[in-house]
Amino acid sequence: MRQDKIIQWILMGVALTAIGALALIAIFIFKEGLPLIFRVGFSDFFLSSQWRPGQGQFGIFPMIVGSLVVTAGAMVIGLVFGLGCAIVLTEFAPRRLATFVKPAIELLAGIPSVVYGFMGVVILVPIIRQYLGGPGLSMLAASIILGIMVLPTVTSISVDALRAVPRSYREGAIALGATRWQTTRMVVLKAARSGLVTAFILGMGRAVGETMAVIMVAGNSLALPRSILDSVRTLTSNIALEMGYATGEHRQALFATGVTLFIIIMILNSIALTVSRQRAQKVPKV
Amino acid sequence: MALRMTQAPPAPQHKRPRPKVPVAAALTVVLVLLLVLGLIWGAGGFRKTRGKTVTLIGSTSVEPFAELLAENFDQGHSDISVEVQGGGSTAGIQALTSGLADIGMCSRSLSKEEQQTMTPIVIARDGLAVIVNESNPIDTLTEEQIRSLFAGDVTNWKQLGGSDSPVNLIMREEGSGTREAFMNLVMRGRETALRALVQESNGAVKELVRTDPAGVGYMSLGLVGTEVKAVKIKGVEATSENVRRGTYTLVRPFLFVVRRRVGEATSQGAAASTRANSPLAAAAGLTPQAKTLIEYVLSPPGQAVLESQGLVAAQ
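Residues numbered from 1 in each chain as written. Chains lettered and ligands numbered in written order. Predicted model: local features only at pLDDT ≥ 70, side-chain atom pairs only at ≥ 80, totals over all residues.

**Thoughts on the overall build of chain B**
Turning to step 1, where the next piece is worked out: Secondary structure summary: chain B contains twelve helices and twelve strands in total.
Turning to step 2, where the next piece is worked out: Here chain B, with 315 residues, has 42% of them falling under the buried criterion. (Helix = DSSP H or I, 4+ residues; strand = E, 2+ residues; numbered from the N terminus. Buried ≥ 20, exposed ≤ 12 C-beta atoms within 10 Å, placed from the backbone.)

**Let's talk about the nonpolar core**
Turning to step 1, where the next piece is worked out: Judged by nonpolar contacts, the single largest core of 143 residues is most densely connected at Ala141, Ile145, Val217 and Ala218 of chain A together with Ala129, Ile131 and Phe256 of chain B.
Turning to step 2, where the next piece is worked out: The element that contributes the greatest number of residues to this core is helix H6 (residues 139-163) of chain A, accounting for 15 residues.
Turning to step 3, where the next piece is worked out: Discounting chain neighbours no more than four positions away, the residues touching alanine 218 of chain A are Val70, Leu137, Met139, Ala141, Ala142, Ser231, Val232, Arg233, Thr234 and Ser237 of chain A. (Core = buried A, V, L, I, M, F, W, Y, C linked by C-beta atoms within 7 Å. Contact = placed C-beta atoms within 7 Å.)

**Here we look at the interface of chain B and chain A**
Turning to step 1, where the next piece is worked out: Counting from both sides, the interface comprises 21 residues of chain B and, opposite them, 21 residues of chain A.
Turning to step 2, where the next piece is worked out: Of all the elements in the fold, those that place two or more residues in the side of chain B that touches chain A are helix H2 (20-50), helix H4 (89-98), strand S7 (197-199) and helix H8 (202-211) of chain B.
Turning to step 3, where the next piece is worked out: Grouping the constituent residues of the side of chain B that touches chain A by class yields eight nonpolar, seven polar and six charged. (Nonpolar A, V, L, I, M, F, W, Y, C, P; charged D, E, K, R; others polar.)

**Focus on helix H9 (residues 193-209) of chain A**
Turning to step 1, where the next piece is worked out: The terminal C-alpha atoms of H9 of chain A lie 24 Å apart, and with 17 residues this matches the ideal 24 Å at 1.5 Å per residue to within 8%.
Turning to step 2, where the next piece is worked out: Turning to H9 of chain A, its buried residues are Gly195, Leu196, Ala199, Phe200, Gly203, Met204, Arg206, Ala207 and Val208 of chain A. (Expected span 1.5 Å × (residues − 1).)

**Digging into the confidence of the model for chain B**
All names here are of chain B.
Turning to step 1, where the next piece is worked out: Overall, the predicted model of chain B reaches an average pLDDT of 81, with 81% of residues at or above 70.
Turning to step 2, where the next piece is worked out: Low pLDDT, under 50, characterises residues 1-13; the stretch is placed with two contacts to residues that sit more than four places away or in other chains.
Turning to step 3, where the next piece is worked out: Per-residue pLDDT stays below 50 along residues 264-277; that stretch engages in seven contacts with residues further than four places along the chain or on separate chains.
Turning to step 4, where the next piece is worked out: Quick note on the complex model: pTM equals 0.76, ipTM equals 0.78. (pLDDT = per-residue confidence, 0-100.)

**Comments concerning unusual backbone geometry**
Turning to step 1, where the next piece is worked out: At asparagine 220 of chain A, a position not held by glycine, the phi torsion is positive, near 60°.
Turning to step 2, where the next piece is worked out: Tracing the backbone shows asparagine 220 of chain A in the loop between helix H10 (212-218) and helix H11 (235-242).
Turning to step 3, where the next piece is worked out: Even without being a glycine, lysine 234 of chain B presents a positive backbone phi close to 50°.
Turning to step 4, where the next piece is worked out: With 13 C-beta atoms packed within 10 Å, lysine 234 of chain B lands in the partly exposed category.

**As for the environment of glutamate 63 of chain B**
Turning to step 1, where the next piece is worked out: Here glutamate 63 of chain B lies in helix H3 (residues 63-76).
Turning to step 2, where the next piece is worked out: Taking C-alpha positions, glutamate 63 of chain B is 9.4 Å from cysteine 106 of chain B, a pair spaced 43 residues apart along the chain.

**Structural notes on the pairing of strand S6 (residues 168-172) of chain B**
The side chains of a regular strand alternate between both faces of the sheet.
Residues and elements named next belong to chain B.
Turning to step 1, where the next piece is worked out: Burial analysis of S6 places five of its five residues in the buried class, which makes it a mostly covered element.
Turning to step 2, where the next piece is worked out: Covered by surrounding structure in S6 are Asn168, Ile170 and Arg172 together with Leu169 and Met171, the residues of both alternating faces.
Turning to step 3, where the next piece is worked out: Two strands pair when backbone bridges link them, and S6 and strand S8 (residues 215-220) are joined in this way by two bridges, in the parallel orientation. Paired with leucine 169 across the bridge in S8 is valine 216.
Turning to step 4, where the next piece is worked out: Looking at chain direction, S6 and S7 are connected through three bridges and run parallel. Bridge pairing in S7 places methionine 171 opposite valine 198. (Pairing = 2+ DSSP bridges.)

**Some details on the packing of helix H3 (residues 61-92) of chain A against H9 of chain A**
All names here are of chain A.
Turning to step 1, where the next piece is worked out: Relative to each other, H3 and H9 sit at 140°, their axes nearing to 9 Å. One finds that H3 runs oblique with respect to H9. Helix-helix and strand crossings are classified by hand; for H3 and H9 the assignment is right-handed. Residue-level inspection shows Ser67, Thr71, Ala74, Met75, Gly78, Leu79 and Gly82 of H3 in contact with H9, the latter providing Phe200, Gly203, Met204, Ala207 and Val208.
Turning to step 2, where the next piece is worked out: By residue class, the composition of the contact of H3 with H9 is seven nonpolar, five polar and no charged. (Axes fitted to C-alpha atoms, helices over the stretch in contact; angles between N-to-C directions. Parallel < 35°, antiparallel > 145°, perpendicular 65-115°, else oblique. Left-handed = near helix turned anticlockwise from the far one by under 90°.)

**Side note on the pairing of strand S11 (residues 251-259) of chain B**
All names here are of chain B.
Turning to step 1, where the next piece is worked out: In terms of residue burial, S11 counts as a mostly covered element, since eight of its nine residues are buried.
Turning to step 2, where the next piece is worked out: As paired elements, strand S3 (residues 103-106) and S11 share three bridges and run antiparallel to each other. Within S11, the position partnered with cysteine 106 by the bridge is leucine 255.
Turning to step 3, where the next piece is worked out: As defined by bridge partners, strand S4 (residues 118-132) adjoins S11 across nine bridges and the pair is classed as antiparallel. In the sheet register, arginine 125 faces S11, and the bridge partner there is proline 253.

**Focus: the packing of H3 of chain B against helix H12 (residues 300-308) of chain B**
Residue and element names in this part refer to chain B.
Turning to step 1, where the next piece is worked out: Direction vectors running N to C along H3 and H12 enclose 135°, while the axes themselves pass 10 Å from each other. Comparing the axis directions of H3 and H12 gives the class oblique. Two packed elements cross with a definite hand, and for H3 against H12 that hand is right-handed. The residues of H12 that touch H3, namely those facing Phe65, Leu68, Leu69 and Asn72, are Gly302, Val305 and Leu306.
Turning to step 2, where the next piece is worked out: For the contact of H3 with H12, the per-class residue count stands at five nonpolar, two polar and no charged.

Quick look at the structure:
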């Protein structure tokens, strides 16, 4: 029994380090970044399009827009292909195919992001420039690359969620005369909702936070984008591009960019969680 | 997993697996301790060998030349190893200040504040080339034209007599020495257009201009190569020959930056005179091997290496 206690304490300590790290990071970022936001003023920081650190102008509005649009684009691609793939693998494809395809998709997660970025620059960007116009380095390119990068996360968690739905649900639905697709759409997807939301959140987290590949394909310009073919700088790119040398106020402004990123991720996560909870509560009533 | 599975069947009693948990825990603790010890020991070892290392950090424009110099330097000095890292001119100066680097590489002039604590050593001069795609019909531009291009006044190549296509500007990131030099030499106080793309290295700018028919960027003349076209400035071709002659006007120094002895911060003139006598006279805390490296770089063989790469000697 004493041994159990000891192990418990050890594990508790290990578990707390993760939370402790999160707390430390949050405190540090906010401590460094918040003063600047207050000094510059909320509207001049969040709603201005002028980022000229040399002149004390720190408007990050275009970057907020950039981060949100690029992430949204990536999630559309990630959801359509990732969830689609997961549904095919669990509901329609022969089991043998699934045992081959799922690990193959998961392999995508092992590719370093620089490689994705490089592929983007060498292959995707010239194609966009040639056939769609613009400088090529664009929100579209970043969305597509990020969409591919979130595929393994979205697919493999979705597959696990769909597989966790008890067989009896499907049997019940089919016994009631539902087709395979009706069963999938009305029963399996609904039963697996919380798992699918997890897949979405984790995929989104990856998309919002990805830096290297985005720096390489998004172009990093500071102007407010007017179309999906325009170049854009995301919040993470801004930090990574300028952190190397920034000092004083500029450095604080980059931490403030981090604060913004932190808040955005919190908001996105809580929206996703609330949506899933609300829907989950509705299900029994229907 | 495999281990536990092979051990499990012979265990006859239920009590048996119990002691395993503490054993595993103890093993983990021991492993972690070993790891920590290893790290400490490894770090100690690293510090020991560091006595024979010279670390250069800074400008991505200087980096490839520094690497080449390091290779040539190695042949005569196998006991000293030279480590070269990029990151940008300002990052290099910060690394020098924090002690990470022995020598900072810088592709722009030092600011007044920086000169208080650091000494610049000019290792070579480099042209700043404005580059366009090979298919671009424009061959020559004036400085004003380049300025209005990057300020965003000119948005279509047609306005400069080129083909009818929008201009794609390509800048370097803040903190880049090449950007700094471009702002000083060409923009002269004017702001660049916000819509300009921002790339992190000479290589990235070049790759983009190489593939984009409407792109225009700027980079180190020594790194231009043959895949992109360096425009003539008022008809003067961008070559190291013209930089040496002084006819090509976009020229910036390549610097090795070292810490200055405290209290040596003096006026420009005095700094210049110490530099003329010996660039190393005012340097502080320079390791012997760093000094050897700098002496090699400034010596005729070192300068010859730089000249062979299209740079212009310091003198």
